[in-house]
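Spelled out from the first residue to the last, the chains are:
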Amino acid sequence: MGEEAGILSGAADWLQIFMAVLYVVNLILGAFILFGQRREPKVVWSWLLVLFSLPAAGFLLYLFAGRSMKGSQMFQVKCKEDRKLYGRLEFQADSCCSQNAYQQIMEYHMETQGAVCTWDNQVNIFTKGEEKFKDLKEELSQARQFIHMQYYIIKDDQVFQELCPVLEERAKAGVEVRVLYDAMGGRFMPEKKWKRLRAKGILVESFFPAFLGTFHLKANYRNHRKLVVIDNKVGYVGGFNIGKEYISKDPSFGNWRDTHLKLEGSAVLQLQIRFALDWKYASGENLFLNMKYFASHPAGGGKVGIQIISGGPDGGIRQIRDHFIWIFYRARKTIRIQTPYFIPDDAVLTALQTAARCGVDVKLMIPCRPDHPLVYWATWSYMGDLLRAGARCYLYENGFLHAKGIMVDGQTSSYGTANMDIRSFELNFEVNAAIYDEGVTKRLEEVFDQDLNQCREITLSIYENRTLGIKVKEQLCRLFSPVL
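Since we're looking at a predicted model, the values are computed, not measured.

*Asks:* For the overall build of the chain, give the residues involved together with the corresponding values.
*Replies:* When helices and strands are tallied, the chain shows 16 helices and 19 strands. Expressed as a percentage of its 484 residues, the buried residues of the chain come to 56%. Contacts spanning at least 24 positions in sequence make up 81% of the contacts within the chain whose residues lie at least 6 apart. For the chain, the exposed area adds up to about 21,100 Å²; of that, 55% sits on carbon and sulfur atoms.

In structure tokens form, the structure reads like this:
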């Protein structure tokens, strides 16, 4: 008994020492969060809450997901490198820009990011994964010079297994094939699969690769972009990743409702530039040294105005978020939003509330089921803020809604990879196609109206009568929304 008591007493002493050390570490880390980084107050308070409510787990969470790298040398170097590489190319904005009602926001993107608005484009809209990937395979099989693919998630299941033979055949025929994936999103892909593709002559790189092949120290900064460029003739951008759930083959999600755009025209070159910048950072290969990768192949007859705008923690400006704010404040008739996650920052939320209170018909569509429960209940909280301002909100009930886009006044729209949340605005690397065209926007609005037939409207009365359990979940999740 004496020995056991001594062991227990020693263990208790060591536990006290450990907790004391952990407390000191938390104090130091808390001071660093408060004074060592310039971050928004709500983000600071959210991380302090995590840190001191979960002493051990909170420290690990901050280590892997909370560190701000916006001002880090890594991102400063990347930003300067991107500008230098982009500067090798010379563009001239189309004169149509000066005649457009959205001239100011076009010029803003041009001045701050070099995003050229082109007016010779055609747009096809895909809302079903099987249709998108069928079309993609057909275009891949016709590639003659190069194929550039970039996805956040690539899984080794039915979809990729059907794409691989096409990629291998094109590589064998002398077509240059490059595949870029996010290390966090592609963490379940077996390494032997990548080795096989490399052995077939396909170049494969990961963005922010894991440390020692296991630890994702930059997991909070995800390359969420999903784009394909084929010979600069055809480009794809939107919400579909590569996995069976995106063709509605995963029973846990059922029908997968997403939006992807197929572009033809000079906007494809802008997607190519985006890929080349990310590829240079991930692989070190500088595609800008060979202008064959940037030869323009406009599609005949296209008249759609498009700007490709990017967002990411490597830039000092929240480009996509600023685009949304400007467009929302300019709205006079209608605003339509589809997003799987609705966690806006104060500026975006205020713009939407102001529009609704001024008589603009604001409609928000979100999923009826969560794939990330914490994010889902935070979304409900912000949905309540919109309802109180007079907006109308809908839950999509025919499976999972993953489409990411806006339509305003039947004149302009923006679809791509960015969700309507703080993560997409500040932490993720994103890309959207800003569309200045009445015809395309009305087609997207027609799809939105069709989706409404699969929705259940949440009125203010329904929302205010939600259960106590939902109210508690909402409030708790909202506290952590800046770091979700």
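*Asks:* So, a nonpolar patch on the surface: which residues are in play, and what are the values?
*Replies:* Residues Leu468, Val472, Leu476 and Leu479 make up a contiguous nonpolar surface patch of roughly 390 Å² in combined accessible area. When you line up the elements, leucine 476 lands in helix 16 (residues 468–479). Judged by its relative accessible area of 49%, leucine 476 is partly exposed.

*Asks:* Kindly report on the side chain of asparagine 223, identifying the contributing residues and their values.
*Replies:* Here asparagine 223 is to be found in the loop between strand 4 (203–207) and strand 5 (227–230). A residue is classified by how much of its surface remains accessible, and asparagine 223, at 2% relative accessible area, is buried. Within the structure, asparagine 223 has its side chain in polar contact with the side chain of aspartate 278 (distance 3.2 Å). Among residues more than four places away in sequence, those in contact with asparagine 223 are Gln150, Tyr152, Asp182, Phe207, Asp278 and Phe429.

*Asks:* Pulling in residues and values, what's your account of the packing of aromatic side chains?
*Replies:* If you walk through the whole model with that rule in mind, you get 22 aromatic pairs. Residues tyrosine 181 and tryptophan 194 carry aromatic rings whose centres are separated by 4.5 Å and whose planes lie at 10 degrees to one another, so their mutual orientation is stacked. Linking tyrosine 181 in strand 3 (residues 176–182) with tryptophan 194 in helix 8 (residues 191–199), this pair joins segments that are 13 residues apart in sequence. Judged by relative accessible area, which is 9%, tyrosine 181 ranks as buried. A ring pair is formed by phenylalanine 207 and tyrosine 281, whose centres lie 5.5 Å apart and whose planes are at 40 degrees; its orientation type is tilted.

*Asks:* Mind laying out the nonpolar core, listing which residues take part and the relevant values?
*Replies:* If you look at the biggest cluster of nonpolar residues, it comprises 91 residues, and the most contacted ones within it are Phe133, Phe328 and Ile335. A per-element tally of this core places helix 12 (residues 373–389) first, with 10 residues. Apart from residues no more than four positions distant in its own chain, isoleucine 335 is found in contact with Phe328, Leu352, Ala355, Val360, Asp361, Val362, Lys363, Met407 and Val408. Residues Trp279, Val304, Leu427 and Leu444 belong to the second largest nonpolar core, which totals 44 residues.

*Asks:* Could you give me a rundown of the pattern of salt bridges, with the residues and numbers involved?
*Replies:* Note on pairing: side chains with opposite charge can pair once their charged atoms come close. What the rule picks out here adds up to 24 salt bridges. Ionic pairing is found between lysine 262 and aspartate 135, a salt bridge with its closest N-O pair at 3.0 Å. Taken together, the positions of lysine 262 in strand 8 (residues 260–264) and aspartate 135 in helix 6 (residues 129–141) put the pair 127 residues apart, joining distant regions of the chain. Each member of the salt-bridge network shares a partner with another, and the members are Glu176, Arg178, Glu285 and Lys292.

*Asks:* Tell me about helix 14 (residues 438–452), and name the residues and values.
*Replies:* Within an α-helix, residues lying three or four positions from one another point in the same direction, as the helix has 3.6 residues per turn. Taking 1.5 Å of rise per residue, the 15 residues of helix 14 would be expected to cover 21 Å, and the 21 Å separating its terminal C-alpha atoms lies within 8% of that figure. The set of residues buried in helix 14 consists of Val440, Thr441, Leu444, Glu445, Val447, Phe448, Asp451 and Leu452. Projected onto a plane normal to the axis of helix 14, the buried residues spread over an arc of 155 degrees and lie on a single side.

*Asks:* So what's going on with the state of the cysteines? Residues and values would help.
*Replies:* Summed over all chains, the structure comprises zero disulfides. Take cysteine 368: it sits in no disulfide, and the sulfur closest to it among the cysteines is that of cysteine 455, at 8.8 Å. With relative accessibility at 25%, the residue cysteine 368 sits in the partly exposed group.

*Asks:* Summarise the packing of helix 11 (residues 346–357) against helix 12; cite the residues concerned and give the values.
*Replies:* Packed helices, taken two at a time, are described by their axes: the angle between them and the distance between them. Helix 12 packs onto helix 11 with a crossing angle of 25 degrees between their chain directions and a minimal axis gap of 8 Å. When the axes of helix 11 and helix 12 are compared, the pair comes out roughly parallel. Crossing angle aside, the handedness with which helix 11 passes helix 12 is right-handed. Between helix 11 and helix 12, the contacting residues are Leu349, Leu352, Gln353, Ala356 and Arg357 on the first element and Tyr382, Asp385, Leu386 and Ala389 on the second. Here the contact of helix 11 with helix 12 is composed, by residue class, of six nonpolar, one polar and two charged.

About the criteria used
Residues numbered from 1 in each chain as written. Predicted model: local features only at pLDDT ≥ 70, side-chain atom pairs only at ≥ 80, totals over all residues. Heavy atoms only, no water. Helix = DSSP H or I, 4+ residues; strand = E, 2+ residues; numbered from the N terminus. Buried < 20%, exposed > 50% of the residue type's maximum accessible area, 1.4 Å probe, protein only. Contact = heavy atoms within 4.5 Å. Areas by Shrake-Rupley, 256 points an atom, 1.4 Å probe, with all protein chains shown as cover. Patch = residues over 30% accessible without salt bridge, like charges linked within 9 Å, V, L, I, M, F, W, Y side chains within 5 Å. Salt bridge = Lys/Arg side-chain N within 4 Å of Asp/Glu carboxyl O. Polar contact = N/O pair within 3.5 Å; in protein donor to acceptor, adjacent residues only side chain to side chain. Phe/Tyr/Trp six-rings, centres within 6.5 Å; stacked < 30°, edge-to-face > 60°. Core = buried A, V, L, I, M, F, W, Y, C linked by side-chain atoms within 4.5 Å. Expected span 1.5 Å × (residues − 1). Arc of directions from axis to C-beta. Disulfide = S-S within 2.5 Å. Axes fitted to C-alpha atoms, helices over the stretch in contact; angles between N-to-C directions. Parallel < 35°, antiparallel > 145°, perpendicular 65-115°, else oblique. Left-handed = near helix turned anticlockwise from the far one by under 90°. Nonpolar A, V, L, I, M, F, W, Y, C, P; charged D, E, K, R; others polar.

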